[in-house]
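Structure assessment
The residues making up each chain are set out below.
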Amino acid sequence: MDPRKLIGPAFAALLVGAIGGGIWYSHSNLRAEHDSAAQRQLEATQEVRIHGLIGSEKEALFADPQVQAVLARRHITVNVEKAGSRDIARRFDPQHFDFGFPSGAPAAAALQAAAKPTQTFSPFYTPIVIASWRPIAQILVADRIVTERDGNYFVTDMPALLDLMKRHARWKDVAGNTTFGTNKAVLLNSTDVRTSNSAAMYLSLASYLENSQSVIESQDDVDRVLPFMTELFMRQGFQESSSAAPFEDYLALGMGKTPMLVAYEAQLVAFWLAHPDRVKEDMVIMYPIPTVFSKHVLIPFNEKGRQLGEMLERDPELQSLAHQYGFRTGGEVKGPEVWLQHGIHTPTTIVDVVDPPSYEWLEKMITAIEQKYH
């Protein structure tokens, strides 16, 4: 048989085989792509439940229906438990929690050391301020301790105010006082330093000033400042364990009960946003100079915690909702420009800010004060 007669059929068979193989390969790829897309769609629609431990200052934010709706659109449900920042730092428990979210950088650093995440998130922050009353502020203006800024808020010479407290001054003895003639000691009321971050931030600031305006970083520093630091807290009497309760007393009972309260700027701003009719009342913010920021740092324990941290830090809608709770954020809109639209005046930028001590030295001071309570 002539071999040339076999070439045509063989070529045809090869051609048919190639076409069939191509069709099979193409169909397999399409099917794989379809299966992959279906899997991604399934994963996207599966609800992600995230459980975290947070500082009490953020409880209202996470409970907000608008916040929950934003998360729900991403098929995320967040359940939180609240605790003091000092407690959160000690409770790295990846079996029960997906993230920890304390209200201060020292506690966050301690938690980070335990969790060892590849990434952390700082979606918002708020400065420590003094919640007070216009008559009190005006007394301190007359004594050249406080200065009014544009009739909208006050700034406080913090070393001078601490010196007044160190001298055990009483309100009736303050120069220029014609409106608050009480024998009450001039003191800043705070929360319990053993449990609350706002008190720990007050301790951070006061210890910095008492230590010749240097951050506490040795046992000698601790020993030097401890007597006055202990006095600042022990002389107050009973203190609440979290920042919500003393702020409620401040609002309800007025300056007779609380002439000056260590608070978060976010607390006052959030209250005024929720009660615009009270913006023009006698409640005032006094900004310590210098001050310290309460930095809210989310420490993820796993991928779910990382996903939430990224959303809180980058999602414009969640950032906007954080502004409604008085928090400052990064990004183009930081908060004060939003609040100004509601008649709430705050410094756009706060320049004179000091760092808190490391968790180790802050803990040493708190532990030493704690022993005095016993």
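Predicted, not measured: the structure shown is a model, and the values here were computed from it.

What counts as what
Residues numbered from 1 in each chain as written. Predicted model: local features only at pLDDT ≥ 70, side-chain atom pairs only at ≥ 80, totals over all residues. Heavy atoms only, no water. Buried < 20%, exposed > 50% of the residue type's maximum accessible area, 1.4 Å probe, protein only. Helix = DSSP H or I, 4+ residues; strand = E, 2+ residues; numbered from the N terminus. Arc of directions from axis to C-beta. Contact = heavy atoms within 4.5 Å. Salt bridge = Lys/Arg side-chain N within 4 Å of Asp/Glu carboxyl O. Core = buried A, V, L, I, M, F, W, Y, C linked by side-chain atoms within 4.5 Å. Phe/Tyr/Trp six-rings, centres within 6.5 Å; stacked < 30°, edge-to-face > 60°. Lys NZ or Arg CZ within 6 Å of the ring centre and 35° of its normal.

1. Remarks on helix α7 (residues 158-166)
Buried within α7 are the following residues: M158, L161, L162, L164 and M165. Looking straight down α7, one finds its buried side chains confined to an arc of 155°; they lie on one side. Against β4 (121-133), α6 (134-142), β6 (153-157), α8 (197-210), α9 (219-234) and β8 (283-289) lie the buried residues of α7. Looking one or two residues beyond α7, the residue adopting positive phi is H168, at roughly 60°.

2. Quick word on the environment of A107
As for its placement among the helices and strands, A107 is situated in helix α5 (residues 105-115). Using a relative accessible area of 7% as the deciding quantity, one classes A107 as buried. Sequence separation between A107 and D87 is 20 residues; the distance between their C-alpha atoms is 8.6 Å. If sequence neighbours within four positions are ignored, A107 has contacts with S85, A89, P102 and Y359.

3. Focus on the pattern of salt bridges
For the coordinates displayed, the defined rule picks out 21 salt bridges. Between E363 and R90 there is a salt bridge whose closest N-O contact spans 2.6 Å. Placement of E363 in helix α15 (residues 359-373) and of R90 in the loop between α4 (85-89) and β3 (99-101) is noted, with a sequence separation of 273 residues between them. Its relative accessible area of 14% is what places E363 among the buried residues. Residue classification places R90 among the exposed residues on the basis of a relative accessible area of 53%. As a salt-bridge pair, R235 and E231 come within 3.8 Å of each other at their nearest N and O atoms. What makes R235 partly exposed here is its relative accessible area of 28%. Because the salt bridges share partners, they merge into one network encompassing R86, R90, E363 and E370.

4. A word on the nonpolar core
Among the nonpolar cores identified, the biggest contains 97 residues, and Y202 and M260 are the most heavily contacted of them. Counting residues per element, this core draws most heavily on α8, at nine residues. If we ignore the near neighbours within four places in the chain, the residues touching Y202 are M158, L162, M165, L188, S190, L232, F233, Q236 and V262. L53, I88, A108 and I299 belong to the second largest nonpolar core, which has ten residues in total.

5. With respect to the packing of aromatic side chains
All chains considered together, the criterion is met by twelve aromatic pairs. Ring centres 4.9 Å apart and planes at 90° place the aromatic pair F92 and F301 in the edge-to-face group. Taken together, the residues F92 in the loop between α4 and β3 and F301 in the loop between β9 (293-300) and α12 (303-314) connect sequence positions 209 residues apart. Classification of F92 by relative accessible area gives partly exposed; the value is 31%. Residue classification places F301 among the buried residues on the basis of a relative accessible area of 16%. Ring-pair connections join several aromatic residues into one group, and the members of that group are F62, F99, F101, F124 and F327. Lying across the ring of F101, K58 places its NZ or CZ 4.5 Å from the centre.

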